[in-house]
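Structural features, examined
Residue-level listing of the chains:
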Amino acid sequence: MKGSPPAAAGAAPFPGAAPAEIEKAGRLALEEATSVAALEEATRLLLGRRSQLSLLHQELGKLPADERKGAGRLLNETRSRLEQIVAARRSELEEAERAERLFADRLELTEVTPQPLSGHLHLVTQVRERLEDVFVGMGYEIAEGPEVETDWYNFQALNIPLDHPARDSSDTFFVRVPGGADAYLLRTHTSPVQIHLLERGRLPIYAVAPGQVYRRDTPDATHLPVFHQIEGLVVDRGVSFGDLAGTIETFVHAIFGTGVSTRLRPGYFPFTEPSAEFEITCQICGGGGCRTCSGTGWIELGGCGMVNPPVFEATGVDPEEWSGFAFGFGIDRLAIMRHGIADLRAFVENDVRFLRQF
Ligand code: PHE
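Keep in mind that this is a model prediction, so the values were computed, not measured. (Residues numbered from 1 in each chain as written. Predicted model: local features only at pLDDT ≥ 70, side-chain atom pairs only at ≥ 80, totals over all residues. Heavy atoms only, no water.)

As a further point, take the environment of Leu 301. Structurally, the position occupied by Leu 301 is in strand β9 (residues 298-307). Counting along the chain gives 45 residues from Leu 301 to Phe 256, while the straight-line C-alpha distance between them is 12 Å. Once residues lying within four places of it in the same chain are set aside, the contact partners of Leu 301 are Phe 256, Phe 278, Glu 279, Ile 280, Phe 329, Gly 330 and Leu 334. (Helix = DSSP H or I, 4+ residues; strand = E, 2+ residues; numbered from the N terminus. Contact = heavy atoms within 4.5 Å.)

Take a look at the structure:
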């Protein structure tokens, strides 16, 4: 053909976009399709009736007969290569979509539903409730008394006369009540509840009285100015010191387990006679002796004894007919022994990292 440039070998005999360019752009479009739906759309644009490739097919008829055959083959080969890519890409995307569906529909059996943050009872309250349960199980009633007391209940009725050193004013918080007839004070122990129970006049008595008590002490590892005691009072006919010892052993075993031994040592309290201090095997060293128990292997938990007749007389109970025992000990101390806590102050510092452990 004169006047027209000779067709270069392998060059497309088409005007505009040549099949090679269409193929190159097509591969890219197919690869970029990230869903079956997107792939179908790309395929429609690339191979559909109105695609460039189809238009070129329609143009074939306009080509000179000797070029038509080669051009037709080129178009067909291009189309079939693109169709192969479509098929491969389709199965790839279908597989991915199936996996995604399976994942979304799965039953997640290991999932943990986050629990709303909730609080719990303070360790001292837990130990107090445990003690109450133990004594209720032994047939005791739970009694309560006021935290603001008169001198009579906290001292005098308990056979602690005005000049007694046990009432040293440095230990007691006094409360000034305008117009109050008596000197009011914050109870320094739970023993005044003994007096309330005896005055009530309902005998026999099997009662424990847990509650808060106050002393003017500087806080340290083993002292708090506000702490907790539990008082026990049993009044019946023919109550013996053996009953007292057995009762103490029973509840210590219920709280600490039977591996813990108890012992009574002579002591002195004005409201009990004879009096004793009761001790348990030190829970820090297991009885071998350590700093906490000053090397003795024993830790003092509280005081106890037989109700002293002057206490019966002060409350109108006949000591000829009735006898009884009483005991009292610190709940906080018992809690640190039970849980191996080094410092009582941790109970009132409100550090949730500490409190959460119990
Ligand atoms: N009230 C005494 C104290 O606080 C303990 C005690 C109670 C002792 C009952 C004997 C009888 O130390």
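With that settled, the discussion passes to the sheet that holds strand β5 (residues 205-214). Taken in spatial order, the seven strands of this open sheet run β1-β5-β6-β10-β9-β8-β7, and their pairing is mixed. For this open sheet the edge positions go to β1 (141-142) and β7 (262-269), each flanked by a neighbour on one side alone. In this sheet, β5 lies alongside β1 in parallel orientation, the contact comprising two bridges. When the bridges of β5 are listed, Ile 142 appears paired with Val 208. On the sheet, helix α7 (residues 192-200) packs against β1, β5, β6 (226-236) and β10 (323-330) and is oriented at approximately 30 degrees with respect to β6. Relative to the sheet, helix α8 (residues 241-256) contacts β7, β8 (272-281), β9 and β10, its axis offset from that of β10 by approximately 30 degrees. (Pairing = 2+ DSSP bridges. Axes fitted to C-alpha atoms, helices over the stretch in contact; angles between N-to-C directions.)

Turning to the packing of helix α2 (residues 36-47) against helix α4 (residues 65-105), a few remarks are in order. Any two packed helices are characterised by how steeply their axes cross, that is the angle between the axes, and by the distance between the axes. Where α2 contacts α4, the axes come no closer than 9 Å and their chain directions differ by 170 degrees. Judged by the angle between their axes, α2 and α4 are roughly antiparallel. Residues Val 36, Leu 39, Glu 40, Thr 43, Leu 46 and Leu 47 of α2 form the contact with α4, whose participating residues are Arg 79, Leu 82, Glu 83, Val 86, Arg 89, Arg 90, Leu 93, Glu 94 and Glu 97. A breakdown of the residues in the contact of α2 with α4 according to their chemical character gives seven nonpolar, one polar and seven charged. (Parallel < 35°, antiparallel > 145°, perpendicular 65-115°, else oblique. Nonpolar A, V, L, I, M, F, W, Y, C, P; charged D, E, K, R; others polar.)

Let us now look at the packing of helix α1 (residues 19-32) against α4. Two elements in contact, α1 and α4, have axes separated by 10 Å at closest approach and are oriented at 5 degrees. Judged by the inter-axis angle, α1 sits roughly parallel to α4. Contact residues: Pro 19, Glu 23, Gly 26, Arg 27, Leu 30 and Glu 31 in α1; Leu 74, Leu 75, Thr 78, Arg 81, Leu 82, Ile 85, Val 86 and Arg 89 in α4. Grouping the constituent residues of the contact of α1 with α4 by class yields seven nonpolar, two polar and five charged.

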